Amino acid sequence: MKTIMSTLFFAFAVFAASQAQSINNPQLVFKTDTHDFGEVKQGTETIYEFVFENKGSTPLIISNVEKQCGCTTPEWTYKPIKPGEKGVIIVKYDSNRIGPFNKSVTVHSNDSDNPQLILKIRGNVIGTDK
């Protein structure tokens, strides 16, 4: 019986420590991680703002937003995001290429539970004569 109690106490202690560690970290939470532009005319401005919040208890730092190719351009909030504050990652797509697109950017942060998150954009660029 003593061994079972010791094992249960140890398991509870490990669980509590892991929960406390998560609470004391920044937590990057997006409203959505995907945006569908639908059909867009060639050459039109194709921009989406991904809104996020730091739901943790320490400042969140976005260290980099890595683009998949030269047709996407990301911009982001460079300053540390305090707990409860919001920020944005803006993704621009070069709509001069006709046809469907499905692109992503990878967000690198100091959120220890999710240090890399992927944001996706998609749509279909149609010619200006349609």
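Basis of the calculations
- Residues numbered from 1 in each chain as written.
- Predicted model: local features only at pLDDT ≥ 70, side-chain atom pairs only at ≥ 80, totals over all residues.
- Heavy atoms only, no water.
- Pairing = 2+ DSSP bridges.
- Helix = DSSP H or I, 4+ residues; strand = E, 2+ residues; numbered from the N terminus.
- Axes fitted to C-alpha atoms, helices over the stretch in contact; angles between N-to-C directions.
- Phe/Tyr/Trp six-rings, centres within 6.5 Å; stacked < 30°, edge-to-face > 60°.
- Salt bridge = Lys/Arg side-chain N within 4 Å of Asp/Glu carboxyl O.
- Buried < 20%, exposed > 50% of the residue type's maximum accessible area, 1.4 Å probe, protein only.

**Student:** Help me get a handle on the sheet that holds strand β6 (residues 86-93), residues and values and all.
**Tutor:** Working definition: the strands of a sheet are paired by backbone hydrogen bonds and lie parallel or antiparallel to each other. Pairing within the open sheet is antiparallel, and its four strands lie in the order β1-β3-β6-β5. Edge positions in the sheet fall to β1 (28-30) and β5 (72-76), since each has one partner strand and no second. Going across the sheet, the axis of each strand differs from the next one's by a mean of 30 degrees, ignoring polarity. Bridge analysis of β1 against strand β3 (residues 46-54) gives three bridges, and the strand direction is antiparallel. Across the sheet, residue Phe30 finds its bridge partner in β3, namely Phe52.

**Student:** I'd love a proper account of the packing of aromatic side chains, names of residues and values included.
**Tutor:** On inspection of all chains with the given rule, the structure shows five aromatic pairs. Aromatic side chains Tyr48 and Phe50 sit 4.8 Å apart centroid to centroid with 80 degrees between the ring planes, which places their arrangement in the edge-to-face category. On the numbers, 4.8 Å between centres and 45 degrees between planes, the contact of Trp76 with Tyr78 is tilted.

**Student:** How would you explain the pairing of β3 if you had to name every residue and give the values?
**Tutor:** Looking at chain direction, β3 and β6 are connected through eight bridges and run antiparallel. Its bridge partner lying in β6, Glu49 is registered against Ile90.

**Student:** So, the pattern of salt bridges: which residues are in play, and what are the values?
**Tutor:** Pairs may arise between side chains of opposite charge once their charged atoms sit close together. Scanning the model with the defined rule gives four salt bridges in all. Note that Arg122 is salt-bridged to Asp36, the shortest N-O span being 3.6 Å. With Arg122 in strand β8 (residues 116-126) and Asp36 in strand β2 (residues 34-41), this pair connects stretches of sequence that are 86 residues apart. A relative accessible area of 37% means that Arg122 is categorised as partly exposed. For Arg97, the salt bridge is made with Asp94, and the minimal N-O distance between the two is 3.3 Å. Here Asp94 falls in the partly exposed class, since its relative accessible area comes to 30%.

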